[in-house]
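Fold and contact review
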Amino acid sequence: MNLFLPLLLALSILLTAASSHANEAEPDEPAPAPVEPHSASDASLKSDSAEPGMAEPITLLNNTIAPGTFRTLHWSPGLSMTSLNTPVPVLVAHGAAPGPTMCMTAALHGDELNGIEIVRRVLHQIEPDDLKGTIIGMPIVNLDGFRRASRYMSDRRDLNRYFPGNPIGSYASRVAHSLFHKVILHCDYLVDIHTGSFLRTNLPQLRGDLKNPMILEFSRHFGGMGVLHHRGGSGTLRRAAADSGIPAITMETGGPHSLDQESVSHGVKGMKNVLHNLGMYKTVRLWLIPQPVFYQSTWVRSNQGGIMLSKVVLDEKVKKGQLLGRVIDPITNTSSDIISPLDGIVLGKALDQVVSPGFATFHIGIIATEEQLAKPIPAEVKAPELESDEGEPITSPPLAPGESGELVEPFQDMES
Ligand SMILES: [Zn+2]
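Remember, it's a predicted structure, so these values are computed and weren't measured experimentally.

**Remarks on the overall build of the protein chain**
- When helices and strands are tallied, the protein chain shows 8 helices and 18 strands.
- A sequence separation of at least 24 residues applies to 67% of the contacts in the protein chain between residues at least 6 apart.

Set out below in structure tokens:
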């Protein structure tokens, strides 16, 4: 028996290698079903082989993907002229060993570039043989907007206001429904990557509903990225996924229309950290931070139209009453100060530009404990005006939070 055991082990390793090689050669073919043990003795031999740790093939977008393989699939909502249909690429790394499915989506807003690069770096650095579970990456969800360097869909709607979608609704709503059902419902975790919108830039940060215990737990694993508590506006992918029981987080990095390598590096580092901490993929360059920093936040708006000149930078600590920026009327030379309503840190800001009265200029966060997250932010901040673009073509950028018409969040937030 002692002589036979090493031989049997070697044989089982050879058989396993041959089987995975066959899967690589014919990736479209479903892998054979796992062989059931025929007898108690067979089962005892099997327990010494690698078989119990092998993942099953998965089926996604009408393709079967073998364990230990990387595939590029395509998703199409099927709503354009068939002859002009351009499917959206979906990158899939299906690990050799079983584990959860992590989804990464980027460029739901076609002008947000940093997430595209984050998804590329993460997916193409993964070796599926060493992966436990599956990573699904969609670098450019809104391909149509991306081609036009536009945040919006071709119908001028914001896709990230229509999830989980409606198969008989507006164009954006149908696209959202297709994506949600064909891809998102396969996810065990979701990271939706965005940037600031409309000439604004964000410190790399996460946003999630920290009152949801699953999301709170998920948010702890990204290393040194601060986490902002926000439930997420109605119609956002993050909110719809969370409402379907999927722990979902928005990752914010930098601003639109440009690629910021530092923001991209932060995002990649955060993703590698979370993959490591969930036991999916080992990384040697861990962000060893024991606890994330949680934030509550508020946007400070301009009270005058004119040219905004900023006085603070991202990540800067500011005091209540401190000058954040100044808005100057270029003709009359009159100016209006933008003052911080609280002690905090600059999480996001508008670039120097021409602003209108009411323009959201500086996003100030305060560090909060988990207990404090549920309470209103201790500052005298007027409730934001509500806008609704539901059912109407968007003719101007949605600026205020709560486009859905709800006024439940104590903290103002710009969905981006
Ligand atoms: Zn966005």
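**Quick word on the sheet that holds strand 14 (residues 323-328)**
- Taken together, the 4 strands give an open sheet; going across it, the order is 15-14-12-17, and neighbouring strands pair in antiparallel fashion. Because the sheet does not close on itself, it has two edges, and the strands there are strand 15 (335-339) and strand 17 (354-355).
- With 2 bridges connecting them, strand 12 (residues 306-310) and strand 17 associate as antiparallel partners. Its bridge partner lying in strand 17, isoleucine 307 is registered against valine 354.

**Examining the pairing of strand 18 (residues 360-367)**
- Most of strand 18 sits out of view: 6 of its 8 residues are buried.
- As judged from the 7 bridges shared by strand 11 (residues 294-301) and strand 18, these two strands associate in the antiparallel manner. Counterpart to threonine 298 in the pairing with strand 18 is isoleucine 364.
- Pairing between strand 16 (residues 344-350) and strand 18: 4 bridges, direction antiparallel. By the bridge assignment for strand 18, valine 346 is matched with isoleucine 364.

**Some remarks on unusual backbone geometry**
- Backbone torsion omega between phenylalanine 163 and proline 164 reads 5 degrees, so that peptide bond is classified as cis.
- Checked against the element boundaries, proline 164 lands in the loop between helix 4 (143-147) and helix 5 (171-182).
- In this structure, leucine 61 is a non-glycine residue whose phi angle is positive, near 50 degrees.
- Its location among the elements puts leucine 61 in the loop between strand 1 (58-60) and strand 2 (63-65).
- Judged by C-beta crowding, with 17 C-beta atoms within 10 Å, leucine 61 ranks as partly exposed.

**Looking at the environment of leucine 347**
- Tracing the sequence through the fold places leucine 347 in strand 16.
- Once you skip the residues sitting within four places of it in the chain, leucine 347 turns out to touch Asn202, Leu203, Gln205, Leu228, Tyr295, Ser297, His363, Ile364 and Gly365.

**Comments concerning helix 8 (residues 261-277)**
- Over its 17 residues, helix 8 extends 24 Å from the first C-alpha to the last, a length consistent with the 24 Å expected when each residue adds 1.5 Å.
- Regarding helix 8, the residues found buried are Ser263, Val264, His266, Gly267, Lys269, Gly270, Met271, Lys272, Asn273, Val274 and Leu275.
- Residues of helix 8 that are buried sit in contact with strand 5 (97-106), helix 3 (114-125), strand 7 (189-194), strand 8 (200-208) and strand 10 (248-254).
- Directly after helix 8, the chain includes glycine 279, whose backbone phi takes a positive value near 75 degrees.

**Some details on the nonpolar core**
- With 89 residues, the main nonpolar core has Cys103, Met104, Ala106, Val141, Leu190 and Ala241 as its most contacted residues.
- When residues of this core are assigned to domains, at least three fall in each of domain 1 (59-277) and domain 2 (297-365).
- Excluding residues within four positions of it along the chain, leucine 190 makes contact with Cys103, Ile184, Ala241, Ile246 and Ala248.

**Quick notes on helix 5**
- Here helix 5 contains 12 residues, and its C-alpha end-to-end distance of 16 Å stays within 8% of the 16 Å for a straight helix at 1.5 Å per residue.
- All buried positions along helix 5 are accounted for by Ala172, Ser173, Val175, Ala176 and Leu179. Buried residues in helix 5, looked at end-on, bunch into an arc of 160 degrees, giving them a common side.

Rules used in this analysis
Residues numbered from 1 in each chain as written. Predicted model: local features only at pLDDT ≥ 70, side-chain atom pairs only at ≥ 80, totals over all residues. Helix = DSSP H or I, 4+ residues; strand = E, 2+ residues; numbered from the N terminus. Contact = placed C-beta atoms within 7 Å. Pairing = 2+ DSSP bridges. Buried ≥ 20, exposed ≤ 12 C-beta atoms within 10 Å, placed from the backbone. Expected span 1.5 Å × (residues − 1). Core = buried A, V, L, I, M, F, W, Y, C linked by C-beta atoms within 7 Å. Domains from an automatic or database assignment. Arc of directions from axis to C-beta.

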